[in-house]
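Remarks on the overall topology
Residue-level listing of the chains:
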Amino acid sequence: MTIRDRIFDKLAELNMTQKEFAKRTGIPETTVSDWKKKKTNPTSEKILIICKVLDVTPEWMLSGVETHGTRSNPASIIAVDVETDAGMLLEIYNSCDNAMQARIFGYAQAIATMKEEKSKEKK
């Protein structure tokens, strides 16, 4: 599915007309119409305003993957900003050899187990 497809699917889901969408985004109606007719995608500078109007994340708009919320997209792919703690952790993990990756994964599993046990103790 392309960005254009996601936009028009979301418009249908929201029962929003192309005219209303154009007005709310400030994008000319002819441009929105061209996306549909010519099967083109919006330019990158339009993505954030489109996401705001459609109430979706840029990750979802660009990839179809939603990392938060209740959308039913498959979670087999996760987009992570490398400037976040999770992104930095993934960079470190990916720079390690297989043995070190296995150790890191083992530590993460042990921490998750400890967290679950503490949660049960509180109840």
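Residues numbered from 1 in each chain as written. Predicted model: local features only at pLDDT ≥ 70, side-chain atom pairs only at ≥ 80, totals over all residues. Heavy atoms only, no water.

1. Considerations on the overall build of the protein chain
The following threshold applies: Runs of E in the DSSP output that reach at least two residues are strands. Runs of H or I that reach at least four are helices, and both are numbered from the N terminus. Whether a residue is buried, partly exposed or exposed follows from its accessible area with a 1.4 Å probe, protein chains only, as a fraction of its type maximum: under 20%, in between, or over 50%, in that order. Contacts are assigned to residue pairs that have any heavy atoms within 4.5 Å of one another. Where accessible areas are quoted, they stem from the Shrake-Rupley method and a 1.4 Å probe; at the residue level, only the protein chains shown are allowed to cover.
Counting secondary structure elements, the protein chain contains 7 helices and 0 strands. Each helix and strand of the protein chain, placed in order from N terminus to C terminus, yields the pattern α-α-α-α-α-α-α. Burial analysis of the protein chain (123 residues in total) assigns 24% to the buried set. Long-range contacts, defined here as pairs at least 24 residues apart, represent 40% of the contacts in the protein chain between residues at least 6 apart. A total accessible area of about 9,200 Å² is found for the protein chain, and carbon and sulfur atoms account for 56% of it.

2. Observations concerning the packing of helix H2 (residues 18-25) against helix H3 (residues 29-37)
Condition: Axis lines are fitted through C-alpha atoms, for helices just across the contact stretch, and the angle between N-to-C directions can take any value from 0 to 180 degrees. Throughout, the term roughly parallel applies to angles under 35 degrees, roughly antiparallel to angles over 145, roughly perpendicular to angles from 65 to 115, and oblique to all others. What makes a crossing left-handed is the near helix being turned counterclockwise from the far one by less than a right angle; a clockwise turn instead makes it right-handed.
At a minimum axis distance of 9 Å, the contact between H2 and H3 shows a crossing angle of 125°. Compared by their axis directions, H2 and H3 come out oblique. Helix-helix and strand crossings are classified by hand; for H2 and H3 the assignment is right-handed. Together, Gln18, Lys19, Phe21 and Ala22 of H2 and Glu29, Val32, Ser33, Trp35 and Lys36 of H3 make up the contact between the two elements.

3. Structural notes on helix H4 (residues 47-54)
Our working rule: The arc in question is the one spanned by the directions pointing from the helix axis to the C-beta atoms.
Taken together, the buried positions of H4 are Ile47, Ile50, Cys51, Val53 and Leu54. Summarising the axial view, the buried residues of H4 lie within an arc of 165°, below the 170-degree limit, and thus occupy one face. What points out from H4, more than 90 degrees from its buried face, is the exposed set Leu48 and Lys52. Looking at the buried side of H4, the elements it contacts are helix H1 (3-14), H2, H3 and helix H5 (58-63). In the segment just after H4, aspartate 55 is the residue with positive phi, at about 55°.

4. Some words on the packing of H2 against H4
Counted only if it meets this: Under the convention adopted here, Pro, Cys and the residues Ala, Val, Leu, Ile, Met, Phe, Trp and Tyr are nonpolar, Asp, Glu, Lys and Arg are charged, and Gly plus all remaining residues are polar.
It is at 10 Å that the axes of H2 and H4 come closest, and there the two elements cross at 120°. Taken as axis vectors, H2 and H4 run oblique relative to one another. As H2 runs across H4, the sense of the crossing is right-handed. Here Phe21, Arg24 and Thr25 of H2 lie close against H4, whose contacting residues are Ile49, Ile50, Val53 and Leu54. Partitioning the contact of H2 with H4 into residue classes produces 5 nonpolar, 1 polar and 1 charged.

5. Let's talk about the pattern of salt bridges
Let me state the cut-off plainly: We define a salt bridge as a contact between a side-chain nitrogen of Lys or Arg and a carboxyl oxygen of Asp or Glu at a distance within 4 Å.
A complete count under the given rule lists 4 salt bridges for this structure. Salt-bridge contacts for glutamate 20 lead to arginine 24; the nearest nitrogen and oxygen are separated by 3.7 Å. Here arginine 24 and glutamate 20 lie together in helix H2, a separation of 4 residues that amounts to about one turn.

6. Side note on a negative patch on the surface
Note the threshold: Note on patches: the residues involved have over 30% relative accessible area and no salt bridge, like charges join within 9 Å, and the nonpolar side chains Val, Leu, Ile, Met, Phe, Trp and Tyr join within 5 Å. A positive count includes Lys and Arg, and a negative count includes Asp and Glu. His and the chain ends are not counted in either. In this description, the location of a charge corresponds to atom NZ of lysine, CZ of arginine, CG of aspartate or CD of glutamate.
Together, Glu59, Asp81, Glu83 and Glu91 make up a region of like negative charge exposed at the surface. Within the fold, glutamate 59 resides in helix H5.

Worth remembering: the numbers are spatial, not functional.
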